[in-house]
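Chains, contacts and geometry: an overview
Read off the chains here:
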Amino acid sequence: MSASYFAPFDTVRFEGPESTNDFAYRWYDKDRVVFGKRMEDYLRFAVCFWHTFCWPGSDVFGAGSFERPWLAAPQDEAAARAKREAALSFVAKLDLPFYCFHDVDVMAPADRIGGFRDSFARAVDHLEELQGRYGRRLLWGTANLFGHPRYMAGAATSPDPQVYAWAASQVRDALEATLRLGGANYVLWGGREGYDTLLNTNLATEQENFGRFLALVVEHKHKIGFTGTILIEPKPHEPTKHQYDFDTQTVYGFLKRFGLEGEVRVNIEANHATLSGHTFEHEIAMARALGIFGSIDANRGDPQNGWDTDQFPNSVEDLTLAVIEIERAGGFTTGGFNFDAKVRRQSIDAADLFHGHIGGVDVIARALLRAEAITKDGQLDRFRAERYSGWVGEFGQTVRTHDLAAIADLAVAQDLAPRPVSGRQEWLENLLNRF
Ligand code: XLS
Ligand code: CA
Ligand code: CA
């Protein structure tokens, strides 16, 4: 009931823009070299377990609409096995290199801590075997510290130290599993690390506990010899009213406070960026400027909806700006593009899972080609460099190195009258539209 679910579909291959095959890539040509790397190595695509194999198509008003055999069966070890088989076989059918999971996504549910650990351990053994069989790799692992009712008031920020300890057990096991499976990163998304009301919340205690938890995770990572990257995934709200990892700049302040800015980077999700009132490229540019760019969760929101709709990306224009920023950051090191995206509730067929991923892959591949053309053209980068060129001249150097009074004296002595210079926004927008 598992690998056979995708059996009617052939492996998706590159056929070029003229192809009439709905199950082919038009732009993602994995061996084509862009920015000096094979597309597959540059983009490092991953498929996620939670939206694609665990979510049944339910919403707050209605039940699951998808017919996935492993979800219809009782949620026991056999169903979990079937789900894992289906998942890895699907990643192979898409011919994408990576996948991502939360502990609870891949295992049969268990409530007591001992049973939970055993069930997860069985899942990890099986995943190791499947990775070998299907030739797929783990982009990142994580622990789900938000789904179970015990986490309703947070995990590392829970008022209850027993909940904190449960979370520590899950993170230890998920981190060690990530190491064993050769994962490139470990993600921490603070889904309920925030509050619903200040009336019952001690902000100071919660943030101290949160910072210490992160420090403990980093310490354990070094202890076990995990050389991948620890990533925090910012999100401003949802499920809670306010989340502490609000956006990239806030996360950086938090890392600085706990002395972890050299240890932890960010996993930027497009829809979380827009929920925080920023653009996707703003978050990447900010991470780059602060030296903490790590990885991407690719998706999009709906401009008319104020929540996390997690739709597949479909705008080459938006993605081009994101890829330009990624290239400016030097490209991915351990990170990649994870599809944290789900098909719509009415897209109930196995075929829809292919359409969603194929579309997302092609949009990003096309954006990559466009970003390369814009970067090679050079006008965009030259304009920006020229705009700041005063800072490399003699006057700029003096301003950079003197104290406030000396700079002020210089302004007075030279009777300065700086001339406003056009920012040329419309010209820059026109320039981009030529590609
Ligand atoms: C939810 C988040 C979550 C993280 C991993 O909004 O995107 O799925 O990526 O816990
Ligand atoms: Ca995400
Ligand atoms: Ca999301």
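Residues numbered from 1 in each chain as written. Chains lettered and ligands numbered in written order. Predicted model: local features only at pLDDT ≥ 70, side-chain atom pairs only at ≥ 80, totals over all residues. Heavy atoms only, no water.

Right, let's get into the overall build of the protein. A count of helical and extended segments in the protein gives 17 helices and 12 strands. Taking 435 residues into account, the globule formula puts the C-alpha radius of gyration at 22 Å, and the protein, at 24 Å, falls close to it. In terms of principal-axis extent, the alpha carbons of the protein reach across some 80 × 60 × 45 Å. Among the 435 residues that make up the protein, the fraction classed as buried is 51%. For the protein, long-range pairs separated by at least 24 residues make up 77% of all intrachain contacts whose partners lie at least 6 apart in sequence. Summing over all exposed atoms, the protein offers an accessible surface of approximately 20,200 Å²; the carbon and sulfur share of this is 53%. (Helix = DSSP H or I, 4+ residues; strand = E, 2+ residues; numbered from the N terminus. Rg over C-alpha atoms; globule rule 2.2 N^0.38 Å. Buried < 20%, exposed > 50% of the residue type's maximum accessible area, 1.4 Å probe, protein only. Contact = heavy atoms within 4.5 Å. Areas by Shrake-Rupley, 256 points an atom, 1.4 Å probe, with all protein chains shown as cover.)

The next thing to look at is the coordination of the calcium ion (ligand 2). The reference angle at a metal is 109.5 degrees if four donors form a tetrahedron and 90 or 180 degrees if six donors form an octahedron. In this structure, Glu233 (OE), Glu233 (OE), Glu269 (OE), Asp297 (OD) and Asp340 (OD) serve as the protein donors to the calcium ion (ligand 2), at separations of 2.1 to 3.1 Å. Each donor residue of the calcium ion (ligand 2) lies on the same chain, and together they follow the pattern E-x35-E-x27-D-x42-D. Separating the calcium ion (ligand 2) from the calcium ion (ligand 3) is a gap of 4.5 Å, which Glu269 spans by donating to each of them. Here Asp297 is found in strand S11 (residues 293-298), whereas its partner Asp340 is found in the loop between strand S12 (337-339) and helix H13 (350-377), with 43 residues between them in sequence. For the residue pair Asp297 and Asp340, the accessibility class agrees, reading buried in each case. (Donors = N, O, S within 2.8 Å, 3.2 Å for Na, K, Ca; no water.)

Summed over all chains, the structure comprises 31 aromatic pairs. Between Phe6 and Phe354 the ring centres are 5.9 Å apart and the planes differ by 75 degrees, which places this aromatic pair in the edge-to-face class. Of this pair, Phe6 sits in the segment before strand S1 (33-34) while Phe354 sits in helix H13, and the two are 348 residues apart along the sequence. Within the aromatic cluster, the residues linked to one another by ring pairs are Tyr5, Phe6, Phe9, Phe23, Phe49, Phe53, Trp70, Phe90, Tyr99, Phe101, Phe120 and Phe354. Sitting over the ring of Trp166, Arg150 keeps its end group 3.5 Å from the ring centre. When the ring centre of Trp55 is taken as reference, the NZ or CZ atom of Lys342 above it lies at 4.9 Å. (Phe/Tyr/Trp six-rings, centres within 6.5 Å; stacked < 30°, edge-to-face > 60°. Lys NZ or Arg CZ within 6 Å of the ring centre and 35° of its normal.)

Moving on, we get to the site of ligand 1. For ligand 1, the full set of nearby residues is Trp50, His102, Trp140, Phe146, Trp189, Glu233, Lys235, Glu269, His272, Asp297, Asp308 and Asp340. Take Asp340: an N or O atom from its side chain is 2.9 Å from an oxygen atom of ligand 1. Compared with its free state, where it exposes 290 Å², ligand 1 has 93% of that area covered by protein. (Near = heavy atom within 4 Å. Polar contact = N/O pair within 3.5 Å; in protein donor to acceptor, adjacent residues only side chain to side chain.)

Right, let's get into the nonpolar core. The biggest cluster of nonpolar side chains holds 120 residues, and the ones touching the most others in it are Phe49, Ile296 and Phe337. The element best represented in this core is H13, accounting for 14 residues. Excluding residues that lie within four positions of it along the chain, Ile296 makes contacts with Asn267, Ile268, Phe280, Ile284, Ile326, Phe332, Gly336, Phe337 and Asn338. (Core = buried A, V, L, I, M, F, W, Y, C linked by side-chain atoms within 4.5 Å.)

The topology assignment puts Ala289 in helix H11 (residues 280-290). Residue Ala289 is classed as exposed on the basis of its relative accessible area, which comes to 63%.

We now examine the coordination of the calcium ion (ligand 3). Those protein atoms acting as donors to the calcium ion (ligand 3) are Glu269 (OE), Glu269 (OE), His272 (NE2), Asp308 (OD), Asp308 (OD) and Asp310 (OD), and they sit at 2.3 to 3.2 Å. All donor residues of the calcium ion (ligand 3) come from one chain, and their arrangement in sequence is E-x2-H-x35-D-x1-D. The class of Glu269 is buried, set by a relative accessible area of 2%.

Below, the discussion takes up the packing of helix H7 (residues 161-180) against helix H8 (residues 203-224). Interaxial distance between H7 and H8 falls to 11 Å at its minimum, and their mutual angle equals 30 degrees. Here H8 runs roughly parallel to H7, going by the angle between their axes. Taken as a pair, H7 and H8 cross one another with a handedness that is right-handed. Across from Tyr164, Ala167, Ala168, Val171, Arg172, Leu175, Glu176 and Leu179 in H7, the residues of H8 making contact are Asn209, Arg212, Phe213, Leu216, Val217, His220, Lys221 and Ile224. (Axes fitted to C-alpha atoms, helices over the stretch in contact; angles between N-to-C directions. Parallel < 35°, antiparallel > 145°, perpendicular 65-115°, else oblique. Left-handed = near helix turned anticlockwise from the far one by under 90°.)

Another point: the pairing of strand S8 (residues 229-232). Judged by which residues are buried, S8 turns out to be covered on both faces: Thr229 and Leu231 on one side and Ile230 and Ile232 on the other are all buried. The sheet contact formed by strand S6 (residues 185-188) and S8 spans four bridges and is parallel. Residue pairing for S8: Leu188 is matched across the bridge by Ile232. As paired strands, S8 and strand S10 (residues 264-269) are joined by three bridges and run parallel to one another. Residue pairing in the sheet places Ile232 in a bridge with Val266 of S10. (Pairing = 2+ DSSP bridges.)

On to the environment of Pro149, then. Within the secondary structure layout, Pro149 lies in the loop between strand S5 (137-142) and H7. In this structure Pro149 comes out as exposed when scored by relative accessible area, which is 58%. Taking the C-alpha atoms as reference points, Pro149 and Thr309, separated by 160 residues in sequence, lie 23 Å from one another.

A few words on the side chain of Gln131. As for its position among the elements, Gln131 is in helix H6 (residues 113-134). Not counting chain neighbours up to four residues away, the residues in contact with Gln131 comprise Leu88, Tyr99, Arg136, Leu138 and Leu181.

Let's shift gears to the environment of Phe90. Take Phe90: it is sitting in helix H4 (residues 77-94). On the basis of relative accessible area, Phe90 is assigned to the buried category, the value being 0%. If near-sequence neighbours (up to four positions away) are discounted, Phe90 is found in contact with Phe6, Val47, Thr52, Phe53, Leu353, Phe354 and His357.

Let's shift gears to the pairing of strand S3 (residues 45-48). Here S3 shows no split at all, with Phe45 and Val47 on one side and Ala46 and Cys48 on the other all buried. The pairing of S3 with S12 spans three bridges and is parallel. Bridge pairing links Val47 to Phe339 in S12. Bridge count between S3 and strand S4 (residues 98-102): three bridges; the pairing is parallel.

By themselves, these observations are geometric and do not establish any function.
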